[in-house]
Amino acid sequence: MSILVLGGAGYIGSHTVYELIDQGHDVVIVDNLQTGFKELIHPKAKFYQGDLRDKEFLNEVFDREAIDGVIHFAANSLVGISMKEPLEYYDNNVYGMMVLLEAMKKHGVKHIVFSSTAATYGEPKQIPILEDSETSPTNPYGETKLAMEKMMKWCEKAYGMSFVALRYFNACGAHPNGKIGELHNPETHLIPLILQVPLKKREAISVFGTDYPTKDGTCIRDYIHVCDLADAHIKAIHYLLDGNPSQIINLGNGEGYSVLEIIKAAEQVTQQSIKTVLCERRAGDPAKLVACNTKAQEILGWNPKYTSINEIINTAWNFYTNRK
Ligand code: UFG
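What you see is a predicted model; the values in this text were computed from it and never measured. (Residues numbered from 1 in each chain as written. Predicted model: local features only at pLDDT ≥ 70, side-chain atom pairs only at ≥ 80, totals over all residues. Heavy atoms only, no water.)

### Details of the overall build of the chain
Under the convention used in this document: Note on conventions: DSSP H or I runs of at least 4 residues are helices, E runs of at least 2 residues are strands, and numbering of each starts at the N terminus. Partly exposed describes any residue whose relative accessible area lies between the buried limit of under 20% and the exposed limit of over 50%, with all areas from a 1.4 Å probe on protein chains only and scaled to the type maximum. Only heavy atoms enter the contact rule, under which two residues are in contact if any of them lie within 4.5 Å. Per-residue and other accessible areas were derived by the Shrake-Rupley procedure at a 1.4 Å probe size, with only the shown protein chains allowed to occlude residues.
Helix and strand counts for the chain stand at 10 helices and 13 strands. If you line up the chain on its principal axes, its C-alpha atoms span 55 × 40 × 40 Å. Considering the chain as a whole, with its 324 residues, one finds that 58% of them fall into the buried category. In the chain, 77% of the contacts between residues at least 6 apart in sequence involve partners at least 24 apart. Of the roughly 14,000 Å² that the chain leaves accessible, carbon and sulfur atoms contribute 49%.

See below:
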(Lines give C-alpha, C1' and ligand atoms only; values in the text may rest on other atoms or scores of the structure.)
Protein backbone atom coordinates (compact mmCIF):
# COMPACT_ATOMS: atom_id res chain seq x y z
CA MET A 1 0.00 0.00 0.00
CA SER A 2 1.35 3.42 -0.96
CA ILE A 3 0.38 6.45 1.11
CA LEU A 4 1.01 10.07 0.19
CA VAL A 5 1.85 12.09 3.31
CA LEU A 6 1.68 15.86 2.82
CA GLY A 7 3.71 17.54 5.55
CA GLY A 8 5.71 14.38 6.27
CA ALA A 9 8.72 16.47 7.37
CA GLY A 10 6.74 18.11 10.15
CA TYR A 11 6.22 17.07 13.74
CA ILE A 12 3.15 14.82 13.60
CA GLY A 13 3.68 13.96 9.92
CA SER A 14 7.17 12.56 10.52
CA HIS A 15 6.00 10.34 13.39
CA THR A 16 3.20 8.99 11.20
CA VAL A 17 5.67 8.25 8.39
CA TYR A 18 7.94 6.32 10.79
CA GLU A 19 4.97 4.24 11.94
CA LEU A 20 3.73 3.62 8.36
CA ILE A 21 7.19 2.43 7.29
CA ASP A 22 7.54 0.25 10.40
CA GLN A 23 4.25 -1.38 9.40
CA GLY A 24 5.63 -2.11 5.91
CA HIS A 25 3.83 0.54 3.83
CA ASP A 26 5.35 2.56 1.00
CA VAL A 27 5.39 6.27 1.78
CA VAL A 28 5.62 9.27 -0.53
CA ILE A 29 6.24 12.59 1.24
CA VAL A 30 5.41 16.04 -0.12
CA ASP A 31 6.72 18.92 1.96
CA ASN A 32 7.89 22.44 1.07
CA LEU A 33 10.18 22.47 4.15
CA GLN A 34 8.81 25.87 5.15
CA THR A 35 8.10 24.61 8.64
CA GLY A 36 9.27 21.02 8.18
CA PHE A 37 12.81 19.74 8.86
CA LYS A 38 14.99 17.55 6.62
CA GLU A 39 16.26 15.71 9.68
CA LEU A 40 12.73 14.46 10.42
CA ILE A 41 12.31 12.78 7.01
CA HIS A 42 12.46 8.99 7.18
CA PRO A 43 15.36 7.73 5.02
CA LYS A 44 13.15 5.07 3.41
CA ALA A 45 10.38 7.47 2.32
CA LYS A 46 10.30 8.90 -1.19
CA PHE A 47 10.55 12.65 -0.80
CA TYR A 48 9.30 15.39 -3.16
CA GLN A 49 10.14 18.91 -2.08
CA GLY A 50 7.47 21.32 -3.25
CA ASP A 51 4.38 23.29 -2.39
CA LEU A 52 0.97 21.65 -2.59
CA ARG A 53 -0.50 24.87 -3.98
CA ASP A 54 1.70 24.34 -7.06
CA LYS A 55 -0.81 22.42 -9.22
CA GLU A 56 1.71 21.29 -11.82
CA PHE A 57 4.06 19.93 -9.15
CA LEU A 58 1.32 18.14 -7.23
CA ASN A 59 -0.24 16.58 -10.32
CA GLU A 60 3.17 15.32 -11.36
CA VAL A 61 3.53 13.53 -8.00
CA PHE A 62 0.14 11.87 -8.51
CA ASP A 63 1.09 11.00 -12.13
CA ARG A 64 4.32 9.32 -11.04
CA GLU A 65 3.16 7.50 -7.93
CA ALA A 66 0.37 4.94 -7.50
CA ILE A 67 -1.26 6.47 -4.43
CA ASP A 68 -3.86 4.44 -2.49
CA GLY A 69 -4.65 7.06 0.14
CA VAL A 70 -3.61 10.50 1.38
CA ILE A 71 -2.76 11.77 4.87
CA HIS A 72 -2.74 15.56 4.93
CA PHE A 73 -0.70 17.45 7.56
CA ALA A 74 0.65 20.28 5.40
CA ALA A 75 -0.83 23.45 6.87
CA ASN A 76 0.00 26.51 8.95
CA SER A 77 -0.88 25.83 12.57
CA LEU A 78 -0.09 28.73 14.89
CA VAL A 79 -3.08 30.38 16.51
CA GLY A 80 -1.30 33.66 17.31
CA ILE A 81 0.15 34.21 13.82
CA SER A 82 -3.19 33.32 12.23
CA MET A 83 -4.74 36.29 14.07
CA LYS A 84 -2.14 38.61 12.52
CA GLU A 85 -1.97 37.04 9.04
CA PRO A 86 -5.37 35.45 8.36
CA LEU A 87 -4.98 35.55 4.57
CA GLU A 88 -1.78 33.51 4.76
CA TYR A 89 -3.81 30.85 6.56
CA TYR A 90 -6.62 30.93 4.00
CA ASP A 91 -4.07 30.68 1.19
CA ASN A 92 -1.94 27.84 2.52
CA ASN A 93 -4.64 25.89 4.35
CA VAL A 94 -7.89 26.40 2.42
CA TYR A 95 -6.49 26.97 -1.08
CA GLY A 96 -3.92 24.20 -0.49
CA MET A 97 -6.73 21.78 0.35
CA MET A 98 -8.58 22.82 -2.80
CA VAL A 99 -5.60 22.04 -5.01
CA LEU A 100 -5.09 18.71 -3.23
CA LEU A 101 -8.73 17.62 -3.58
CA GLU A 102 -8.68 18.60 -7.27
CA ALA A 103 -5.57 16.48 -7.86
CA MET A 104 -7.10 13.55 -5.95
CA LYS A 105 -10.29 13.83 -8.03
CA LYS A 106 -8.32 13.98 -11.26
CA HIS A 107 -6.32 10.87 -10.34
CA GLY A 108 -9.19 8.86 -8.86
CA VAL A 109 -7.75 8.83 -5.31
CA LYS A 110 -10.74 8.60 -2.99
CA HIS A 111 -9.50 8.49 0.60
CA ILE A 112 -8.03 11.21 2.80
CA VAL A 113 -7.15 11.43 6.49
CA PHE A 114 -6.94 15.02 7.63
CA SER A 115 -5.10 16.70 10.47
CA SER A 116 -7.78 18.84 12.12
CA THR A 117 -7.83 20.45 15.52
CA ALA A 118 -9.71 21.13 18.74
CA ALA A 119 -9.46 24.80 17.69
CA THR A 120 -12.51 24.12 15.47
CA TYR A 121 -14.65 24.13 18.64
CA GLY A 122 -13.56 27.53 19.97
CA GLU A 123 -14.57 28.23 23.58
CA PRO A 124 -16.38 25.02 24.57
CA LYS A 125 -19.75 25.11 26.29
CA GLN A 126 -19.25 21.64 27.80
CA ILE A 127 -16.32 19.51 28.98
CA PRO A 128 -15.40 16.91 27.82
CA ILE A 129 -15.86 18.03 24.21
CA LEU A 130 -17.80 15.69 21.93
CA GLU A 131 -17.54 15.65 18.14
CA ASP A 132 -21.06 17.02 17.77
CA SER A 133 -20.36 19.95 20.12
CA GLU A 134 -20.84 23.35 18.51
CA THR A 135 -17.99 24.51 16.25
CA SER A 136 -17.31 28.20 16.66
CA PRO A 137 -13.58 28.90 16.13
CA THR A 138 -12.11 31.92 17.85
CA ASN A 139 -9.20 32.35 15.42
CA PRO A 140 -8.45 32.04 11.67
CA TYR A 141 -6.40 28.87 12.27
CA GLY A 142 -9.43 26.97 13.63
CA GLU A 143 -11.67 28.63 11.05
CA THR A 144 -9.52 27.46 8.11
CA LYS A 145 -9.32 23.90 9.48
CA LEU A 146 -13.12 23.84 9.81
CA ALA A 147 -13.44 25.13 6.22
CA MET A 148 -11.10 22.34 5.08
CA GLU A 149 -13.28 19.75 6.83
CA LYS A 150 -16.32 21.16 5.02
CA MET A 151 -14.58 21.05 1.64
CA MET A 152 -14.01 17.33 2.14
CA LYS A 153 -17.64 16.85 3.14
CA TRP A 154 -18.91 18.42 -0.10
CA CYS A 155 -16.36 16.49 -2.19
CA GLU A 156 -17.64 13.32 -0.58
CA LYS A 157 -21.19 14.13 -1.68
CA ALA A 158 -20.19 15.19 -5.18
CA TYR A 159 -17.30 12.87 -6.03
CA GLY A 160 -17.65 9.95 -3.61
CA MET A 161 -14.42 10.74 -1.73
CA SER A 162 -14.27 9.56 1.89
CA PHE A 163 -12.43 11.29 4.71
CA VAL A 164 -11.56 11.07 8.39
CA ALA A 165 -10.91 14.45 10.05
CA LEU A 166 -8.93 13.94 13.25
CA ARG A 167 -9.38 16.79 15.70
CA TYR A 168 -6.31 16.70 17.92
CA PHE A 169 -6.02 18.27 21.30
CA ASN A 170 -2.46 19.12 22.49
CA ALA A 171 0.08 17.02 20.59
CA CYS A 172 3.30 16.41 22.53
CA GLY A 173 6.16 14.01 23.24
CA ALA A 174 8.61 12.36 20.86
CA HIS A 175 9.32 8.99 19.26
CA PRO A 176 10.86 6.59 21.80
CA ASN A 177 13.70 5.95 19.29
CA GLY A 178 15.01 9.43 20.21
CA LYS A 179 15.60 10.31 16.53
CA ILE A 180 12.53 12.44 15.84
CA GLY A 181 10.52 14.79 18.01
CA GLU A 182 8.88 18.19 18.29
CA LEU A 183 10.72 20.91 16.39
CA HIS A 184 9.21 24.29 15.55
CA ASN A 185 10.82 27.57 14.63
CA PRO A 186 9.86 29.66 16.49
CA GLU A 187 8.75 27.33 19.28
CA THR A 188 5.48 28.37 20.93
CA HIS A 189 4.29 25.14 22.57
CA LEU A 190 4.31 24.62 26.30
CA ILE A 191 6.27 21.37 26.81
CA PRO A 192 9.24 22.12 24.49
CA LEU A 193 9.46 25.64 25.98
CA ILE A 194 9.48 24.26 29.54
CA LEU A 195 12.25 21.79 28.63
CA GLN A 196 14.36 24.61 27.19
CA VAL A 197 14.88 25.79 30.79
CA PRO A 198 16.74 22.67 32.06
CA LEU A 199 18.44 22.50 28.65
CA LYS A 200 19.85 25.98 29.49
CA LYS A 201 18.37 27.51 26.33
CA ARG A 202 15.88 29.66 28.24
CA GLU A 203 16.03 31.42 31.57
CA ALA A 204 12.46 30.68 32.72
CA ILE A 205 9.04 29.51 31.56
CA SER A 206 6.23 32.08 31.41
CA VAL A 207 2.85 30.97 32.70
CA PHE A 208 0.20 32.74 30.64
CA GLY A 209 -2.56 33.60 33.07
CA THR A 210 -3.19 32.58 36.68
CA ASP A 211 -6.78 33.80 37.06
CA TYR A 212 -8.64 31.23 34.94
CA PRO A 213 -11.63 29.48 36.53
CA THR A 214 -9.62 26.26 37.04
CA LYS A 215 -8.29 24.42 40.10
CA ASP A 216 -5.01 26.39 40.23
CA GLY A 217 -5.93 29.35 38.00
CA THR A 218 -3.89 28.17 34.98
CA CYS A 219 -5.23 26.75 31.68
CA ILE A 220 -6.10 23.09 31.42
CA ARG A 221 -5.28 21.09 28.28
CA ASP A 222 -5.53 17.47 27.13
CA TYR A 223 -1.98 16.36 26.20
CA ILE A 224 -1.78 13.50 23.72
CA HIS A 225 1.40 11.70 22.67
CA VAL A 226 2.47 12.14 19.05
CA CYS A 227 2.90 8.35 18.55
CA ASP A 228 -0.69 7.81 19.66
CA LEU A 229 -1.72 10.43 17.08
CA ALA A 230 0.36 8.63 14.42
CA ASP A 231 -1.31 5.35 15.30
CA ALA A 232 -4.77 6.92 14.90
CA HIS A 233 -3.92 8.19 11.39
CA ILE A 234 -2.89 4.73 10.27
CA LYS A 235 -6.01 3.18 11.75
CA ALA A 236 -8.06 5.87 10.00
CA ILE A 237 -6.53 5.24 6.55
CA HIS A 238 -7.14 1.49 6.92
CA TYR A 239 -10.71 2.26 8.03
CA LEU A 240 -11.31 4.27 4.84
CA LEU A 241 -9.59 1.77 2.54
CA ASP A 242 -11.90 -0.89 4.00
CA GLY A 243 -14.81 1.09 2.54
CA ASN A 244 -16.15 2.69 5.73
CA PRO A 245 -17.97 6.05 5.79
CA SER A 246 -16.46 9.47 6.56
CA GLN A 247 -15.99 10.57 10.17
CA ILE A 248 -14.90 13.46 12.35
CA ILE A 249 -13.07 12.13 15.41
CA ASN A 250 -11.46 13.72 18.50
CA LEU A 251 -7.99 12.58 19.57
CA GLY A 252 -7.09 13.24 23.17
CA ASN A 253 -6.35 11.33 26.38
CA GLY A 254 -9.59 12.55 27.92
CA GLU A 255 -7.69 13.96 30.89
CA GLY A 256 -6.77 17.57 31.61
CA TYR A 257 -3.58 18.99 33.14
CA SER A 258 -2.99 22.59 34.17
CA VAL A 259 0.08 24.55 33.06
CA LEU A 260 1.47 24.37 36.62
CA GLU A 261 0.95 20.60 36.74
CA ILE A 262 2.88 20.21 33.48
CA ILE A 263 5.76 22.26 34.88
CA LYS A 264 5.78 20.09 38.02
CA ALA A 265 5.81 16.90 35.95
CA ALA A 266 8.71 18.30 33.89
CA GLU A 267 10.64 18.98 37.11
CA GLN A 268 10.13 15.37 38.15
CA VAL A 269 11.24 14.03 34.76
CA THR A 270 14.33 16.25 34.44
CA GLN A 271 15.15 16.18 38.18
CA GLN A 272 15.75 19.91 38.01
CA SER A 273 13.86 22.85 39.38
CA ILE A 274 12.35 24.97 36.58
CA LYS A 275 12.17 28.74 37.04
CA THR A 276 8.62 30.00 36.46
CA VAL A 277 7.39 33.54 35.78
CA LEU A 278 3.70 34.28 36.26
CA CYS A 279 2.36 36.46 33.42
CA GLU A 280 -0.82 37.92 31.97
CA ARG A 281 -3.17 35.76 29.94
CA ARG A 282 -2.27 35.08 26.28
CA ALA A 283 -5.00 36.35 23.92
CA GLY A 284 -7.40 33.72 22.63
CA ASP A 285 -6.63 30.91 25.14
CA PRO A 286 -9.73 29.03 26.33
CA ALA A 287 -9.59 28.06 30.04
CA LYS A 288 -10.13 24.34 29.57
CA LEU A 289 -10.00 21.93 26.62
CA VAL A 290 -10.47 18.23 27.27
CA ALA A 291 -11.61 15.64 24.73
CA CYS A 292 -14.19 12.94 24.93
CA ASN A 293 -12.31 10.17 23.08
CA THR A 294 -14.95 7.45 23.07
CA LYS A 295 -15.70 7.81 19.36
CA ALA A 296 -12.05 7.12 18.43
CA GLN A 297 -12.17 3.98 20.56
CA GLU A 298 -15.45 2.79 19.06
CA ILE A 299 -14.89 3.64 15.38
CA LEU A 300 -11.13 3.15 15.00
CA GLY A 301 -10.41 0.77 17.88
CA TRP A 302 -7.89 3.40 19.06
CA ASN A 303 -6.68 3.57 22.64
CA PRO A 304 -3.85 5.90 23.62
CA LYS A 305 -0.84 3.98 24.95
CA TYR A 306 0.84 6.97 26.58
CA THR A 307 -1.47 7.83 29.46
CA SER A 308 1.10 9.01 32.01
CA ILE A 309 2.07 12.66 31.58
CA ASN A 310 5.53 11.98 33.09
CA GLU A 311 6.16 9.26 30.54
CA ILE A 312 5.04 11.58 27.71
CA ILE A 313 7.35 14.38 28.88
CA ASN A 314 10.16 11.86 29.31
CA THR A 315 10.03 10.94 25.59
CA ALA A 316 10.37 14.65 24.70
CA TRP A 317 13.24 15.06 27.19
CA ASN A 318 14.99 12.02 25.72
CA PHE A 319 14.78 13.53 22.20
CA TYR A 320 16.12 16.96 23.20
CA THR A 321 18.95 15.57 25.32
CA ASN A 322 19.94 13.21 22.48
CA ARG A 323 20.25 16.02 19.96
CA LYS A 324 22.12 18.55 22.16
N1 UFG B 1 1.48 28.35 27.75
C2 UFG B 1 2.15 29.01 28.77
N3 UFG B 1 3.40 29.45 28.51
C4 UFG B 1 4.03 29.28 27.32
C5 UFG B 1 3.35 28.59 26.29
C6 UFG B 1 2.06 28.14 26.55
O7 UFG B 1 1.61 29.22 29.87
O8 UFG B 1 5.18 29.74 27.17
C9 UFG B 1 0.14 27.84 28.02
C10 UFG B 1 -0.90 28.35 27.07
O11 UFG B 1 -1.42 29.59 27.50
C12 UFG B 1 -1.93 27.22 27.07
C13 UFG B 1 -1.08 25.96 27.33
O14 UFG B 1 0.15 26.44 27.86
O15 UFG B 1 -2.79 27.39 28.14
C16 UFG B 1 -0.80 25.17 26.06
O17 UFG B 1 -0.30 26.07 25.08
P18 UFG B 1 0.31 25.59 23.69
O19 UFG B 1 0.74 26.83 22.96
O20 UFG B 1 1.31 24.53 23.91
O21 UFG B 1 -0.94 24.91 22.97
P22 UFG B 1 -2.39 25.52 22.68
O23 UFG B 1 -3.33 24.86 23.65
O24 UFG B 1 -2.41 26.98 22.63
O25 UFG B 1 -2.64 25.04 21.19
C26 UFG B 1 -2.61 23.69 20.79
C27 UFG B 1 -2.10 23.62 19.37
C28 UFG B 1 -3.02 24.33 18.43
C29 UFG B 1 -4.40 23.82 18.60
C30 UFG B 1 -4.84 23.85 20.04
C31 UFG B 1 -6.16 23.18 20.16
O32 UFG B 1 -0.83 24.21 19.30
O33 UFG B 1 -2.60 24.10 17.12
O34 UFG B 1 -3.89 23.18 20.85
O35 UFG B 1 -6.45 22.85 21.45
F36 UFG B 1 -5.26 24.59 17.91
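### Brief notes about helix α1 (residues 11-22)
Short version of the rule: One less than the residue count of a helix, multiplied by 1.5 Å, gives the span that helix is expected to have.
Compared with an ideal rise of 1.5 Å per residue, which puts 12 residues at 16 Å, α1 spans 17 Å between its outermost C-alpha atoms and is within 8% of the ideal. Within α1, 10 of the 12 residues are buried, leaving the element largely enclosed by the surrounding structure. Among the residues of α1, Tyr-11, Ile-12, Gly-13, Ser-14, His-15, Thr-16, Val-17, Tyr-18, Leu-20 and Ile-21 are the ones counted as buried. Against the buried residues of α1 lie β1 (2-6), β2 (26-31), β4 (69-72), β6 (162-168), β7 (170-172) and α7 (226-241). At the exit of α1 stands Gly-24, carrying a positive phi of roughly 90 degrees.

### A word on the site of the ligand
For clarity, the threshold we go by: A cutoff of 4 Å decides nearness: a residue is near a molecule or strand if any of its heavy atoms lies inside that distance of it. Residues adjacent in sequence count toward polar contacts only when both atoms are side-chain atoms; beyond that, a polar contact is any pair of N or O atoms within 3.5 Å, and within protein one must be able to donate a hydrogen and the other to accept it. Put simply, Ala, Val, Leu, Ile, Met, Phe, Trp, Tyr, Cys and Pro go in the nonpolar bin, Asp, Glu, Lys and Arg in the charged bin, and everything else, Gly too, in the polar bin.
As a structural note, the neighbourhood of the ligand is formed by 21 residues, with His-189, Ser-206, Arg-221, Arg-282 and Asp-285 the closest of them. In the environment of the ligand, an oxygen atom lies 2.7 Å from a nitrogen or oxygen atom belonging to the side chain of Arg-282. Here an oxygen atom of the ligand and a side-chain polar atom of Asp-285 are 2.5 Å apart. Protein chains bury 91% of the 690 Å² of accessible surface belonging to the ligand in isolation. Mapped by element, the contributors of at least two residues to the shell around the ligand are α6 (190-196) and β8 (205-208). Across the shell around the ligand, the residue classes break down as 12 nonpolar, six polar and three charged.

Honestly, it's all geometry; don't read function into it.
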